[in-house]
Amino acid sequence: MTVPNALSVLRLLGVPLFLYLLLGPQADGWAVVVLAVAGASDWLDGKLARWLDQTSRLGVLLDPAADRLYIFATLLAFVVRDIVPWWLAAVLVGREALVGVFLLILRHHGYGPFEVNYLGKAATFNLLYAFPVLLLAQGASTAAQIARPIAYAFMLWGGALYLWSAGLYLCQLVLAVRRSPGVVAA
């Protein structure tokens, strides 16, 4: 267990608290705090892993798993609370499922997971930035009215980048499968 991995585990443990705050008492302010701490720890665990030379296989798996779990949990809560439409959540979750299928195909052909690309990181950053702003955009206050277009802009941009990165993963998958032994090129 390394320091960066401990931060990732703590971030994972925050998911149930985050969901409770959103769906139970609807304590949006505290949910934003949990999300902000999770975002800061996401940045910090990556920096520490490189700085302390504590990069590990577990960390490579934990970090994106925590990001995806927060995205899924947030989308679920936002659909339940009618903050985002169900179809938007379905598109983003469908993208994750599709990339999961891509990973299974890669493994079948003897490859490891995709290299994380900056487009995917930017997409995740935009979505994780959009979520707390979407919470702040709830209500009729002036602050909510100012936050709303900013939140939707980050959500739409993040969603578009998320889909674009899936397209890049598809290209990588096709190239890898074509290079696999036993595959005849057309």
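One can find the structure itself at the top, above this paragraph.
Residues numbered from 1 in each chain as written. Predicted model: local features only at pLDDT ≥ 70, side-chain atom pairs only at ≥ 80, totals over all residues. Heavy atoms only, no water.

Quick notes on the environment of leucine 106
In this fold, leucine 106 is placed in helix α4 (residues 86–108). With 24 residues separating them in the primary sequence, leucine 106 and alanine 130 have C-alpha atoms 31 Å apart. Sequence-distant contacts of leucine 106, defined by excluding residues within four places in its chain, comprise Tyr111, Gly112, Phe114, Leu173 and Ala176. (Helix = DSSP H or I, 4+ residues; strand = E, 2+ residues; numbered from the N terminus. Contact = heavy atoms within 4.5 Å.)

Considerations on the pattern of salt bridges
Taken as a whole and judged by the stated rule, the model has six salt bridges. Close ionic contact of arginine 11 with aspartate 63 constitutes a salt bridge, the shortest N to O distance being 2.7 Å. One end of the pair, arginine 11, is in helix α1 (residues 3–23); the other, aspartate 63, is in helix α3 (residues 57–80), with 52 residues separating them in the sequence. On the accessibility criterion, arginine 11 (3% relative accessible area) is buried. Across the pair glutamate 96 and arginine 68 runs a salt bridge whose closest N-O atoms are separated by 2.6 Å. Taken together, the positions of glutamate 96 in helix α4 and arginine 68 in helix α3 put the pair 28 residues apart, joining distant regions of the chain. For arginine 68, a relative accessible area of 31% corresponds to the partly exposed category. (Salt bridge = Lys/Arg side-chain N within 4 Å of Asp/Glu carboxyl O. Buried < 20%, exposed > 50% of the residue type's maximum accessible area, 1.4 Å probe, protein only.)

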